[in-house]
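# Overview (structure and organization)
What follows is the residue order along each chain.
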Amino acid sequence: MLKQPKRTLLITAGAGVLALALGGATAAALYPTWISRLPIVGQWIQPNEPSNEFSQASESSESSVVLSLVSLSPAERAAQLEAIATQASSTDQYRARYLLAMDLINQNRGGAALPLLEGLEQDYPVLAPAVLAKRAQAYTASAQPEQATATWQALLQQFPDSPFAAEALYALGQTDAQALEQLLTQFPAHGRAIALAQERLAQNPNQPQLLLLLARYGLHLNDGEAALDRLVNEYASTLPPQDWEAIAFGYWELQRYSSASDAYAKAPATPLGLYRVGRGAWLGDRTQDAIAAYRVLIQQFPDAPETGLGLLRLSRLVEPQEALSYTDQIISRFPDRAPEALLERAKALDALGSAESASQARQSLLTQYSSSDAAAELRWTLAEQRMEAGDLRGAWELARQLVKDNPDSEYAPEAAFWLGKWAHQSGQPEAQAAFEYVLTHYPDSYYAWRSAVYLGWDNVGDFTSVRAKVPEVITPTQRPTLPAGSELLQELYRLGQNQDTWSVWQVEFQNRMTPTVAEQFTDGVLRLGVGDHLEGIFMVSSLANRETPEERSQYKALKQQPFYWQALYPFLYSQPIQNWSKERQLNPLLVTALIRQESRFEPNIRSVVGAIGLMQVMPDTGVWISETTEFPNYNLDNPDDNIRFGTWFLDYTHEEYSDNSLFAVASYNAGPGNVADWIARFGFSDPDIFVEQIPFPETKGYVESVFGNYWNYLRLYNPEVSQQLARYSPNHVEMVGQMP
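All values derive from a computational prediction rather than experimental measurement. One numbering rule holds for all chains: residues counted from 1, following each sequence as written. Local features in a predicted model are, by the rule used here, given only for residues with pLDDT of at least 70; side-chain atom pairs are given and counted only at 80 or more, and totals for whole chains, interfaces and linings are based on all residues. Based on all heavy atoms of the structure, the side-chain values leave hydrogens and waters out of the count.

A separate point is the packing of helix H21 (residues 373–388) against helix H23 (residues 412–425). Helix axes are fitted to C-alpha atoms over the stretch in contact, other axes to C-alpha atoms as well, and angles between N-to-C directions run from 0 to 180 degrees. Going along the chain from the N terminus, every DSSP run of H or I of four or more residues is numbered as a helix, and every run of E of two or more is numbered as a strand. Where H21 contacts H23, the axes come no closer than 12 Å and their chain directions differ by 30 degrees. In terms of orientation, H21 lies roughly parallel with respect to H23. You can see that H21 and H23 cross each other, and the crossing is left-handed. Contact residues: Trp 380, Glu 384 and Met 387 in H21; Glu 414, Ala 415, Trp 418 and Trp 422 in H23. Any residue outside Ala, Val, Leu, Ile, Met, Phe, Trp, Tyr, Cys, Pro, Asp, Glu, Lys and Arg is labelled polar, Gly included; the first ten of those are nonpolar and the last four are charged. When the residues that make up the contact of H21 with H23 are grouped by side-chain class, the tally is 5 nonpolar, no polar and 2 charged. Roughly parallel means an angle under 35 degrees; roughly antiparallel, over 145; roughly perpendicular, 65 to 115; everything else is oblique. Crossings are classed by handedness, with left-handed meaning an anticlockwise turn of the near helix from the far one by less than a right angle and right-handed meaning a clockwise turn. Whether two residues are in contact is decided by their heavy atoms, any of which lying within 4.5 Å being enough.

Next comes the structure, spelled out in structure tokens:
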């Protein structure tokens with residue numbers, strides 16, 4: 001029986017993102033060494049891959065002691081940096097001087113930093129503008145205003161186009177109004193310009209050009225969204241189409257799709273813009289507006305690629321008879337969309353009662369476009385229907401064909417696993433080969449973990465043993481080269497100067513509406529560096545949605561790099577996670593998994609139902625935990641308090657189900673009462689079948705995401721599992737390098 005009514009225990013999925021957990025050694029004594037570091041990232045490049053910008057994106061060929069110290073705290077690295085800074089001239093000596101100077105400036109000891117920065121711009125030319133900017137800041141901190149002004153002027157004269165010139169203009173602008181005007185004109189995307197725009201708008205809110213600056217470059221701020229709304233509500237009649245395009249893009253990025261639809265309708269007519277008019281209206285529950293917009297797109301840009309997708313969307317919104325005419329147009333004019341059109345055609349024919357014609361459409365899809373994603377979707381839908389009906393032979397044949405003809409489909413890992421599962425259930429020797437196939441071809445999937453379990457990998461844990469595992473985790477300390485950005489940006493990033501790197505990137509990143517694969521990945525990584533974890537992980541993960549052959553090739557190459565996976569599965573808030581996991585006797589990576597799933601590591605995030613913070617604790621649940629644990633003074637926005645309460649509840653759900661992590665994780669999402677109902681309804685003889693039977697799609701996906709990402713953290717950062725998997729999978733990237 002539950003200790004509390006179900007309604008008081010609800011903790012929801014929050015932002016609805018991914019998650020993870022992990023297994024390893026069981027002794028609690030291993031907690032102090034849970035995460036350790038390697039000085040240099042290990043490398044693995046797929047043989048025979050064509051060389052391109054991504055095949056060098058994460059290589060770190062140089063040996064640098066200083067770069068291996070970047071991830072340490074200033075106190076931890078000070079002695080080593082000081083020793084290196086006094087050695088003979090070398091790149092490492094210059095880096096040590098710069099890094100020591102930054103640490104001192106950040107400790108408000110600018111005067112002590114001046115000797116380290118003296119003449120460094122000549123020795124260290126790649127960071128020359130940064131050195132001058134930091135020296136000027138150090139002079140200011142040490143009450144030497146004349147020297148500071150002279151240094152800012154030298155920076156502006158020698159490096160007028162550098163992003164650090166924006167810092168000079170801002171500093172000089174405190175006594176020279178013209179410098180501030182130049183800052184707004186020359187560097188509108190720089191943080192100093194954005195801050196200046198905010199200051200001026202606070203004094204005089206009726207400045208539409210400054211609102212436009214925030215709308216274009218300040219979307220990450222609350223003021224950015226407010227600027228969009230003010231432009232639309234107060235200045236709509238004065239805005240030219242180009243400004244409406246910027247506003248529309250801003251709303252789209254903020255996922256305010258209905259507002260984006262209205263703005264794109266006033267922007268210059270482009271295929272993408274008109275498509276988004278329709279798509280935004282549909283996502284905003286304005287079906288008739290969406291239909292009208294798609295028809296305009298078809299009329300004005302009949303041959304554009306976006307029109308093919310618009311026709312497909314339109315076929316899903318209209319009556320079945322009309323939908324057939326749109327699917328015919330797609331098949332004849334947009335052959336790349338023909339498989340999806342055939343699938344939609346079959347659904348429309350079913351709705352019209354034409355079962356035989358619908359069957360013919362599906363057969364055409366399977367025969368004419370057998371390797372398409374639409375064929376994979378159809379095969380897996382039919383396989384699930386056969387499985388539900390008890391026709392395992394029919395399900396097996398469909399799954400086998402899917403794996404054969406659709407190996408890159410999102411359904412292929414699941415189909416391949418179930419081929420092994422069915423063989424295992426019937427005692428067939430093919431089971432091992434099927435599970436090994438999953439590990440070889442889909443090493444990053446949830447089903448790779450399930451396959452490893454069936455292959456007897458005790459170190460990865462099963463649903464009943466994950467809680468007690470405390471795996472060794474090794475993370476790299478030396479940062480690699482990003483695939484986009486100047487040499488200045490690259491060096492700042494390698495030195496761990498996240499905020500300065502981000503400021504430089506804001507000026508350099510000009511292609512915000514249509515970024516390349518390299519630019520989008522770089523943007524995601526740098527967002528993570530400045531604490532924008534939600535958007536950072538999204539920017540990296542959404543690269544999977546690129547569609548053109550060139551972009552798909554670039555994405556495939558990027559996935560072969562360790563750095564891609566590090567960005568997708570970062571370690572954040574590791575100390576409080578470790579502390580409270582140890583207190584609750586929980587696997588620390590299971591906790592990391594839930595945090596990544598619930599909030600993408602955003603401490604101040606709110607769900608639509610009011611769940612708060614990293615572990616998305618409901619306020620009522622917080623009150624109950626506070627009373628139960630006699631901890632009255634708490635703040636769920638505080639990461640430590642949030643993890644304290646979230647881990648308490650995760651411990652509670654484990655206790656409710658005898659440490660079965662499948663039930664515990666499902667309970668965390670749906671509540672223990674629902675899980676108890678499912679166990680009573682379905683029984684529990686097989687965990688994989690139970691997961692398939694979960695009637696809440698959100699919770700089913702939540703469980704698979706949590707344990708799928710659990711597996712990813714394990715395969716990427718645990719030495720034993722990483723090396724074990726490398727023997728099976730040529731596509732596996734050994735994140736941990738050469739293990740001792």
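As a further point, take a negative patch on the surface. Only residues whose relative accessible area exceeds 30% and that form no salt bridge enter a patch; like-charged residues are grouped when within 9 Å of one another, and nonpolar side chains (Val, Leu, Ile, Met, Phe, Trp, Tyr) when within 5 Å. Note that accessible areas follow from Shrake-Rupley with a 1.4 Å probe, and for residues the cover is restricted to the protein chains shown. A pair is scored as a salt bridge if a Lys or Arg side-chain nitrogen falls within 4 Å of a carboxyl oxygen belonging to Asp or Glu. Positive charges come from Lys and Arg alone, negative charges from Asp and Glu alone, with His and the N- and C-terminal ends not counted. We put the charge of a Lys on NZ, of an Arg on CZ, of an Asp on CG and of a Glu on CD. On the surface, Asp 373, Glu 377, Asp 408 and Glu 410 cluster together into a negatively charged patch. Along the chain, Glu 377 turns up in helix H21. Residue exposure (1.4 Å probe, protein chains only): buried if accessible area is under 20% of the type maximum, exposed if over 50%, otherwise partly exposed. Judged by its relative accessible area of 30%, Glu 377 is partly exposed.

This part is about the packing of aromatic side chains. Ring geometry is summarised as follows: Phe, Tyr and Trp rings, the Trp one being its six-membered ring, pair when their centres sit within 6.5 Å, and such pairs are stacked at plane angles under 30 degrees, edge-to-face over 60 and tilted between the two. On inspection of all chains with the given rule, the structure shows 44 aromatic pairs. Measuring from centroid to centroid gives 6.2 Å for Tyr 493 and Phe 563, while their planes differ by 50 degrees, and the two rings are tilted. Here the residue Tyr 493 occupies a position in helix H26 (residues 487–494), and Phe 563 occupies one in helix H31 (residues 562–568), the gap between them amounting to 70 residues. Residues Tyr 555 and Tyr 564 carry aromatic rings whose centres are separated by 6.0 Å and whose planes lie at 75 degrees to one another, so their mutual orientation is edge-to-face. According to the relative accessible area criterion, Tyr 564 is buried, its value standing at 2%. An aromatic cluster is defined as three or more aromatic residues linked by ring pairs; in this entry it consists of Phe 417, Trp 418, Trp 422, Phe 435, Tyr 446, Tyr 447, Trp 449, Tyr 454, Phe 463, Phe 707 and Tyr 710. Over a ring means this: the NZ of a Lys or the CZ of an Arg is within 6 Å of the ring centre and within 35 degrees of the ring normal. We note Arg 644 situated over the ring of Phe 631; from NZ or CZ to the ring centre the distance is 3.6 Å.

Mapped onto the elements, Asn 669 comes out in helix H36 (residues 661–670). Overall, the relative accessible area of 5% leaves Asn 669 in the buried class. Here a polar contact means two N or O atoms within 3.5 Å. Within protein one must be a hydrogen donor candidate and the other an acceptor candidate, and residues neighboring in sequence count only if both atoms are side-chain atoms. Looking at Asn 669, its side chain comes within polar contact range of the side chain of Thr 699, at 2.6 Å.

Moving on, we get to the confidence of the model for the chain. A residue's pLDDT is simply how confident the predictor is in it, with values from 0 to 100. This prediction gives the chain a mean pLDDT of 90; 91% of its residues lie at or above 70. Here residues 38–52 is modelled with pLDDT under 50, and outside its nearest four sequence neighbours on either side it reaches 40 contacts, counting other chains as well. Predicted confidence for residues 735–740 stays below pLDDT 50, and this span has 20 contacts to residues more than four positions away or in other chains.

Bringing the pattern of salt bridges into the picture now. Summed over the entire model, instances satisfying the criterion amount to 36 salt bridges. A salt bridge links Asp 651 to Arg 467, with the nearest nitrogen and oxygen atoms 2.6 Å apart. In this pair, Asp 651 sits in helix H35 (residues 639–656) while Arg 467 sits in the loop between helix H25 (446–454) and strand E2 (473–476), placing the two residues 184 residues apart along the sequence. For the pair formed by Asp 651 and Arg 467, the shared burial category is buried. One salt bridge in this structure joins Arg 467 and Asp 659, with 2.9 Å as the shortest N-O distance. A residue pair is termed long-range when its members are at least 10 positions apart, and Arg 467 in the loop between H25 and E2 and Asp 659 in the loop between H35 and H36 qualify at 192 residues. Taking relative accessible area as the criterion, Arg 467 reaches 10% and is therefore assigned buried. Taken together, the shared-partner salt bridges in this structure form one network comprising Lys 421, Arg 450, Asp 462, Asp 686 and Asp 688.

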